[in-house]
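Remarks on the overall topology
Chain by chain, the residues:
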Amino acid sequence: MNKKISSALISVFYKEGLEPVVRQLQQQGTTIYTTGGTQKFIEDLGIEVVPVETLTTYPSILGGRVKTLHPSVFGGILGRRNNDIDIHEMKQYGIPEIDLVIVDLYPFQETVASATDEKQIIEKIDIGGPSMIRAAAKNFSDVAVIASKEDYASLVDLLQQQNGEITLDQRRNFAAKAFSIVADYDIAINNYFNKTNPIQLVAQGQKTILRYGENPHQQAAFYGNLEANFSQLHGKEISYNNLVDIDAAIELIKEFTLSLSSGGKPSTFAVIKHTNVCGAASRSTVREAWKDALAGDPESAFGGVLVCNAPIDMATAEAINEIFFEVLIAPSFNEDALEKLKSKKNRILLQLKSTDTSNQLYKNVLNGTLTQYKDEGNFSTWEEVGGRTSTESEKADLIFANLICKHLKSNAIALVKNKQLVGKGCGQTSRIDALRHAVEKAKQFNFDLQGAVMASDAFFPFNDCVQLGHQAGIVAFIEPGGSIRDKDSIAYCKENNLVMVMTGMRHFKH
């Protein structure tokens, strides 16, 4: 059933895009009820409105906390047009019918992100807005509700195309979106007050339809705000697989301090392929970090996702420009470097704004959902149990290797020399196989493993890994420990004057 929009209540925080809506309503003779700042905005356009105070007989009170919480407002929204009792009571108390509600919410999430004053944050907890939105959505059979400025343009189109009317299906769709917006808002407030036990919906936030999922026959969507983490400066539409690898890249690079400029702090570059690290290096310049990250596995880097913790300069851009890659993520790009990298139209160039991501992980299994907190940290202890204590450079390499290994699929082994990933084995069903893969990778690209270090994401079940590693040239090992046969690996390291560090922190990744 179509509904002629004869009256509308408009009370919004964001005024952008509102003018075409109110002009369309004026043109079709709609009575517009409004409040405060919205009233001024509309009247400044030369459009007549009816202040809500004429319905409530009360001004805005308590510093604006109470404006619309009144039976004359909510009765007009919730009144059922086909219910004789509702119709009688609305006439009895002089309550006008409200056919359209355009209300948005105070910017609570934005205030939490930008402010530290709790009083300021609390004042952005909207009360009347969610109440009016829920009321209008509940009564969608008689009322249309617009709860987001994103729908202003489509509302204008519908009113123009349908002679000022909104269909029942359209009202129901608007209601569904409105309930989703209010739910997200309430969750944000809950999570502000319950930081240790936040609510996380699998499908929460703005929905972006993706071309397809992991494979072309799978439908997919992203829920959330991509712009909170990065700005896309160039390139094609980001795909499902791109997003998965981008997430892996950001989780890795946040392990290394983000440099605000090329000088001062070491630059770290990494290459991600199917969420695994296939190249990584820390160097004094971005160009050198890129060169050595790529050298770790130049074959796997083809079509990969590149991530850096320092600005991309022209020298680095020219080097990167020589290979095919899907995505490059960096905190900034020099102007000439950006123009160079834009030479390929499909390249996705992302300026990293924040590495803040949810600290909870979710996975659908069977008929339910698994949830866990993110694997944060590198080691909980640093226990040197081998034949000697690590040198300063060996310790730096062990820390670097353990971080890289943490971001490889289990079973995982990372071989590092001079803060460069020179070999890795990941996703293997046995630890010794992961090590064999890592050693073969190093040999494939002509790396000398003499003096290198090795990280394992979990304990060595036998001493075969330290034996094979030692035979390949490894001089220092880092692993969580915890095997009933730890003593065998420790004994081998002591007999051969090798470093063995036990961290007490496993890094399984499935």
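In this text the structure is predicted, and so the values were computed from the model without any measurement. Residues take numbers from 1 onward in each chain, read along the sequence in its written order. Side-chain atom pairs in this predicted model are given and counted only at pLDDT of 80 or more, local residue features only at pLDDT of at least 70, and totals for whole chains, interfaces and linings cover all residues. The basis for the side-chain values is all heavy atoms of the structure; hydrogens and waters are excluded.

1. Some words on the overall build of the chain
- The numbering of helices and of strands both runs from the N terminus, where a helix is a DSSP run of H or I of at least 4 residues and a strand a run of E of at least 2. A tally of regular secondary structure across the chain gives 18 helices and 23 strands.
- With respect to the three principal axes, the spread of C-alpha positions in the chain is 95 × 50 × 45 Å.
- Using a 1.4 Å probe on the protein chains alone, a residue whose accessible area is under 20% of its type maximum counts as buried, one over 50% counts as exposed, and one in between counts as partly exposed. Expressed as a percentage of the 510 residues in the chain, the buried residues total 49%.
- Whether two residues are in contact is decided by their heavy atoms: any pair within 4.5 Å suffices. Intrachain contacts of the chain at a sequence separation of at least 6 include 58% that bridge at least 24 residues.
- For every accessible area listed, the method is Shrake-Rupley and the probe measures 1.4 Å; residues are considered covered only by the protein chains on display. Accessible surface, the chain: about 24700 Å² in total, of which carbon and sulfur atoms supply 50%.
- In this tally, Lys and Arg are treated as positive and Asp and Glu as negative; His is ignored, and so are the chain termini. Charged side chains are reduced to one point each, which is NZ for Lys, CZ for Arg, CG for Asp and CD for Glu. The positive charge centre, built from 52 side chains, and the negative charge centre, built from 60, are 2 Å apart in the chain.

2. Side note on the packing of helix H8 (residues 128–138) against helix H10 (residues 168–193)
- It is the contact of H8 with H10, at a shortest axis distance of 9 Å, that shows an interaxial angle of 150°. Taken together, the axes of H8 and H10 are roughly antiparallel relative to one another. Pair H8 / H10 crosses with left-handed handedness. Every residue of H10 that contacts H8 at Pro-130, Ile-133, Arg-134, Ala-137 and Lys-138 is listed here: Ala-175, Ala-178, Phe-179, Val-182 and Tyr-185.
- Here the nonpolar group is Ala, Val, Leu, Ile, Met, Phe, Trp, Tyr, Cys and Pro; Asp, Glu, Lys and Arg are the charged ones; every other residue, Gly included, is treated as polar. For the contact of H8 with H10, a count of residues per class yields 8 nonpolar, no polar and 2 charged. Angular values range over 0 to 180 degrees, each being the angle between N-to-C directions of two axes fitted as lines to C-alpha atoms, with helices fitted over their stretch in contact. Roughly parallel means an angle under 35 degrees; roughly antiparallel means over 145; roughly perpendicular covers 65 to 115; every other angle is labelled oblique. Each crossing gets its handedness from the near helix: less than a right angle anticlockwise from the far helix is left-handed, clockwise is right-handed.

3. Focus: the nonpolar core
- Counting residues in each nonpolar core, the largest one holds 53 residues, and the members touching the most others are Ile-10, Leu-25, Ile-77, Leu-100 and Ile-102.
- Broken down by element, the residue count for this core peaks at 8 residues, all from H10.
- Setting aside residues no more than four positions away along its own chain, Ile-77 makes contact with Leu-9, Ile-98, Val-101, Met-132, Ala-135, Ala-136, Asn-139 and Val-143.
- What is meant by a nonpolar core is a set of buried Ala, Val, Leu, Ile, Met, Phe, Trp, Tyr and Cys residues, joined one to another through side-chain atoms within 4.5 Å. Membership of the second largest hydrophobic core comes to 42 residues, among which are Ala-248, Ala-249, Ile-348 and Ala-401.

4. Some remarks on a negative patch on the surface
- Together, Glu-318, Glu-322, Glu-335 and Asp-336 make up a region of like negative charge exposed at the surface.
- Within the secondary structure layout, Glu-322 lies in the loop between helix H13 (314–320) and strand E14 (325–330). Residues with no salt bridge and a relative accessible area higher than 30% make up the patches, which join like charges within 9 Å and nonpolar side chains (Val, Leu, Ile, Met, Phe, Trp, Tyr) within 5 Å. The term salt bridge refers to a pairing of a side-chain nitrogen on Lys or Arg with a carboxyl oxygen on Asp or Glu at a separation within 4 Å.

5. A closer look at the packing of helix H17 (residues 464–472) against helix H18 (residues 486–495)
- Contact geometry for H17 and H18: axes closest at 8 Å, N-to-C directions at 25°. With respect to H18, the axis of H17 lies roughly parallel. Residues Val-466, Gln-467 and His-470 of H17 touch H18, and the partners they reach there are Ser-489, Tyr-492 and Cys-493.

6. Quick notes on the pairing of strand E13 (residues 304–308)
- By the criterion of burial, E13 is predominantly enclosed, with 5 of the 5 residues buried.
- Along E13, one buried face is formed by Gly-304, Leu-306 and Cys-308 and the opposite face, lined by Val-305 and Val-307, is buried too.
- In this sheet, E13 lies alongside strand E11 (residues 267–273) in antiparallel orientation, the contact comprising 4 bridges. In the strand pairing of E13, Phe-269 is matched with Cys-308.
- Crossover handedness for the path E13 to H13 to E14: right-handed. If DSSP finds at least two bridges between two strands, the strands pair. By convention a crossover is right-handed if, when the strands point away from the viewer, the path from the first strand over the helix to the second runs clockwise.

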